[in-house]
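Close look at the chain arrangement
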Amino acid sequence: MPQLCDLAGRGVLVTRPKDQAAHLCHLIEEAGGRPIPFPTIDIEPAADLATPRRLLAESADLLFFASRNAVEYALPLFPAGRLPAGPRLAAIGKATAEALAAAGRGPDLIPAGRYDSETLLTHPALQDLRGLRVVIVRGEGGRPLLGETLRARGAAVRFAEVYRRALPEVDPAGLVADWAAQVQLVTATSGEVLANLLQLVGEAGQGPLLATPLAVVSERTRQEALRLGFVRVELADQADDEALLLALCRLAAAAPCLADDESRRSPDPEG
């Protein structure tokens, strides 16, 4: 991939789960940045796997996969460990679609435009779902929008919750103590990532974090970041790593001296 910009040694906090950060870290390195892996979410199997195993063994007309994790954690629960041949498959994101293809069946329905639930719900095939049986494969406690909308359009909706998100056990003291020198840009892929990040850095790290330019992948997350107090938030054009890198490039271009900008530091209480 050609270099999209020069991040000029800037440190970029990568907050994806540890098993899903390698590609973005590679892109940042290719662009001359310093990726700083700092997972804010651990992904674990759901506490109750018997219920989703039963749901995934039953017949359905449409299976929605909310994330790559949904595909990976659901696959062993299907009979014979394979995606079923009967129902149509829907993927909300690009990585989810790729995971389905790698598992043996590419999705029948994907968003046309931004990779999110709102865009997928505009698909013509999803406007009249009367009499259809739909299973949404997701993590515990996912967003209600998809299920509520599909029910309103006539579908019988059930949820197969195959994984859960947990707060990692990390010691951020070293990073927080050297934040101004180490971290010049931050990434976040959900509101939950933002909430966990603020919790993990603690009171001492929240000021420097909020003053650091942030790249996000959805308008919903951008609004949440602004509500939380982030000073500069850049929205990626898509919810994939390449688009997230381009958002980081725009942040870098907007602040050529970002690495040395004293305005990023916590406000002086005497000033």
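Report follows, based on the coordinates. (Residues numbered from 1 in each chain as written. Predicted model: local features only at pLDDT ≥ 70, side-chain atom pairs only at ≥ 80, totals over all residues. Heavy atoms only, no water.)

1. Here we look at the packing of helix α9 (residues 191–210) against helix α10 (residues 219–228)
How we decide: Axis geometry follows a simple rule: fit a line to the C-alpha atoms, using only the stretch in contact for helices, then measure angles between N-to-C directions, giving values from 0 to 180 degrees. For the purposes of this entry, the term helix denotes a DSSP run of H or I that reaches at least four residues, the term strand denotes a run of E that reaches at least two, and both are numbered from the N terminus. An angle below 35 degrees is read as roughly parallel, one above 145 as roughly antiparallel, one from 65 to 115 as roughly perpendicular, and any other as oblique. Throughout, a crossing is termed right-handed when the near helix is turned clockwise from the far one, and left-handed when it is turned anticlockwise from it by less than a right angle. Note on definitions: a residue-residue contact is assigned when non-hydrogen atoms from the two residues lie within 4.5 Å. Classes in brief: Ala, Val, Leu, Ile, Met, Phe, Trp, Tyr, Cys and Pro nonpolar; Asp, Glu, Lys and Arg charged; the others, Gly included, polar.
Two numbers describe how α9 lies on α10: the axes approach to 12 Å, and their chain directions differ by 30 degrees. Our classification of the angle between α9 and α10 gives roughly parallel. In the packing of α9 onto α10, the handedness of the crossing is right-handed. Here G191, L194, L198 and L210 of α9 lie close against α10, whose contacting residues are T221, E224, A225 and L228. A per-class count over the contact of α9 with α10 returns 5 nonpolar, 2 polar and 1 charged.

2. Considering the state of the cysteines
Put simply, the test is: Criterion for a disulfide: a pair of cysteine sulfur atoms within 2.5 Å. Accessibility here uses a 1.4 Å probe with only protein chains present; expressed as a share of the type maximum, an area under 20% marks a residue as buried, one over 50% as exposed, and anything in between as partly exposed.
Inspection of every chain in the model, using the stated rule, returns 1 disulfide. Paired by a disulfide, C5 and C249 hold their sulfur atoms 2.2 Å apart. Between C5 and C249 the sulfur-sulfur dihedral comes to about -70 degrees; the bridge is accordingly left-handed. Of this pair, C5 sits in the segment before β1 (11–14) while C249 sits in helix α11 (residues 241–254), and the two are 244 residues apart along the sequence. A relative accessible area of 8% places C249 in the buried class. You can see C25 has no disulfide; the closest cysteine sulfur is in C249, sitting 15 Å from it.

3. What about the nonpolar core?
The following threshold applies: As used here, the term nonpolar core means buried Ala, Val, Leu, Ile, Met, Phe, Trp, Tyr and Cys residues forming a set that is joined through side-chain atoms within 4.5 Å.
Core analysis: the largest hydrophobic core is formed by 45 residues, its most contacted members being L13, L56, F65, V137 and L214. In terms of residues, this core owes the most to one element, α9, which gives 8 residues. With residues up to four places along the chain from it excluded, the contact list for L56 reads A74, L77, F78, P79, V135, V137, A160 and V162. By size, the runner-up hydrophobic cluster in this structure holds 22 residues, among which are L7, V12, A215 and V217.

4. Topic: the sheet that holds β1
To keep things clear, this is the line we draw: Being paired, for any two strands, means DSSP has found at least two bridges between them.
Across the sheet, 5 strands lie side by side as β2-β1-β8-β9-β10; this open sheet has parallel pairing. On the outer flanks of this sheet lie β2 (34–37) and β10 (233–235), each paired with one strand and no other. The mean inter-strand angle of the sheet, taken between neighbouring strand axes irrespective of direction, is 25 degrees. Bridging between strand β8 (residues 185–188) and strand β9 (residues 214–216) involves 3 bridges; their strand directions are parallel. Each bridged residue has a counterpart across the sheet, and for A188 the counterpart in β9 is V216. Along the sheet, helix α1 (residues 22–30) makes contact with β1, β2 and β8, crossing β2 at roughly 155 degrees.

5. Some thoughts on the environment of Y73
Rules: We define a polar contact as two N or O atoms separated by no more than 3.5 Å, with the added condition that, inside protein, one atom must be a possible hydrogen donor and the other a possible acceptor, whereas residues neighbouring each other in sequence contribute only through side-chain atom pairs.
Relative to the assigned elements, Y73 resides in helix α3 (residues 68–74). Separated by 65 residues in the primary sequence, Y73 and R138 have C-alpha atoms spaced 9.2 Å apart. In contact with Y73, other than residues within four places in its own chain, are I43, E44, P45, V162 and Y163. At 3.3 Å, the side chain of Y73 and the backbone oxygen of I43 are in polar contact.

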